Amino acid sequence: MKLVKHLANLGYGSRKEVAWMFREGRVTDANGEVLYADDPLDHDNVRVDGEPLDPPPGLVLMLHKPAGYTCSTRDPGRIVYDLLPPRFRLRNPVLSTVGRLDRDTTGLLLMTDDGQLLHRIVSPKSKLPKVYEAELAGDLRGDEAALFASGSLLLEGESTPLLPARMDVLGPRRARLVLHEGRYHQVRRMFAATGNRVVALHRPRIGGLDLGDLPEGQWRPLGPEDLQRLFATGDA
Ligand code: URA
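What counts, and where the lines are drawn
Residues numbered from 1 in each chain as written. Predicted model: local features only at pLDDT ≥ 70, side-chain atom pairs only at ≥ 80, totals over all residues. Heavy atoms only, no water. UniProt positions renumbered as here; feature names shortened; annotations may be inferred. 1 Å grid on protein atoms, 1.4 Å probe; cavity = no way out; pocket = protein on both sides within 12 Å on 5 of 7 lines; lining within 4 Å. Points joined across faces, edges and corners; volume = space filled by probe spheres on them. Nonpolar A, V, L, I, M, F, W, Y, C, P; charged D, E, K, R; others polar. Domains from an automatic or database assignment. Near = heavy atom within 4 Å. Polar contact = N/O pair within 3.5 Å; in protein donor to acceptor, adjacent residues only side chain to side chain. Areas by Shrake-Rupley, 256 points an atom, 1.4 Å probe, with all protein chains shown as cover. Core = buried A, V, L, I, M, F, W, Y, C linked by side-chain atoms within 4.5 Å. Buried < 20%, exposed > 50% of the residue type's maximum accessible area, 1.4 Å probe, protein only. Contact = heavy atoms within 4.5 Å. Buried area = accessible area lost by both parts, 1.4 Å probe. Helix = DSSP H or I, 4+ residues; strand = E, 2+ residues; numbered from the N terminus. Pairing = 2+ DSSP bridges.

Going by what an unreviewed UniProt entry lists, the protein chain is known as Pseudouridine synthase and is assigned to Pseudoxanthomonas taiwanensis. In its Sequence similarities (unreviewed entry) section, the UniProt record describing the protein chain reads: "Belongs to the pseudouridine synthase RsuA family."

Now the structure itself:
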């Protein structure tokens, strides 16, 4: 692939804009030698305005999603892409969220441009546990854990019961849930089915990967060890 196309795919601009960047001498190698649009691609050796390039395709990142951001590219309000470098929205292949968190849910959100990996993470076959901590409007009744574990809870408007899920009580109005599927508004609807209401929802972990000390609103790329941890589920 020609360098000009690679930079356009990374969101540095349209092909025409990127071609101008070359003309202006803004694209160099690590030694400051000016590169040309049709030079062969050596990703790690390229600099734009003296800065290393964004990660190449195959990017996987984790974001500590704050409340108030939508997992969408189009919503008129705040979107999770606003928390990333603006170029990341223009990449080809497209950087997508791996599943979604509701606007007011906080926590671990994965994003990738690797379609196969995305599929592997969300596929029920992978059985990746997703851990949620919910704060509730009312006191727990006491029968929620048994109901959620039963495998027979049918959410309103659905014809297939939920897979068994584990619930641990964290307080009179706080619970931790471990799900192996991801239906629309699932946690909120599960508690709604018990006559309760979720007032705050946080996802600290997917599979064996947790947020660690990543501050809210921040992101970081994932490396091979992170991915290994993600798929090494063990006990959630
Ligand atoms: N379940 C929900 O209700 N909301 C989320 O964001 C994730 C799981």
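Now that the structure has been shown, we can carry on.
Asks: Let's hear about the layout of surface pockets: which residues, and what values?
Replies: Of the pockets and cavities examined, the largest pocket occupies roughly 530 Å³. Across the lining of the largest pocket, the residue classes tally to 11 nonpolar, six polar and eight charged. Residue assignment places the lining of the largest pocket across two domains, with domain 2 (60-124 + 208-231) and domain 3 (130-206) each supplying three or more.

Asks: Requested: an account of the site of the ligand, with residues and values cited.
Replies: As a structural note, the neighbourhood of the ligand is formed by Leu101, Asp102, Thr105, Tyr132, His185, Gln186, Val187, Arg188 and Leu201. Thr105 has a polar side-chain atom sitting 2.8 Å from an oxygen atom of the ligand. Backbone polar atom of Gln186 to an oxygen atom of the ligand: 3.4 Å apart, as the coordinates give it. Compared with its free state, where it exposes 240 Å², the ligand has 96% of that area covered by protein.

Asks: Now, about the nonpolar core: what can you tell me, with residues and values included?
Replies: One broad rule of soluble globular proteins: the nonpolar side chains tend to lie buried together. If you look at the biggest cluster of nonpolar residues, it comprises 33 residues, and the most contacted ones within it are Leu177, Val187, Met190 and Phe191. Once residues within four sequence positions are removed from consideration, Val187 is found in contact with Tyr132, Ala134, Leu177, Leu179, Val198 and Leu201.

Asks: Which residues make up the domain arrangement of the protein chain, and what values do they have?
Replies: Domain boundaries assigned for the protein chain yield domain 1 (3-52), domain 2 (60-124 + 208-231) and domain 3 (130-206). On a C-alpha basis, the centres of domain 1 and domain 2 stand 27 Å from each other. Where domain 1 abuts domain 2, roughly 460 Å² becomes buried across the two surfaces, and 46% of that area is made up of carbon and sulfur atoms. When residues of domain 1 are sorted by the area they lose upon contact with domain 2, Asn9, Leu10 and Gly11 head the list and together hold 78% of the total. Across the domain 1-domain 2 interface, the total number found is one residue pair in polar contact (both at pLDDT 80 or more). Looking at the side of domain 1 that touches domain 2 residue by residue, the class counts come to three nonpolar, two polar and no charged.

Asks: So what about the pairing of strand β9 (residues 174-179)? Which residues, and what values?
Replies: With five of six residues buried, β9 is to be regarded as a mostly interior element. The sheet contact formed by strand β7 (residues 130-136) and β9 spans six bridges and is antiparallel. From the neighbouring strand, Glu135 faces β9, where its bridge partner is Arg174. Summarising the sheet, strand β8 (residues 166-171) and β9 pair through five bridges and their orientation is antiparallel. If you follow Arg166 over to β9, its bridge partner there is Val178. Between the end of β8 and the start of β9, which pair antiparallel, lie two residues.

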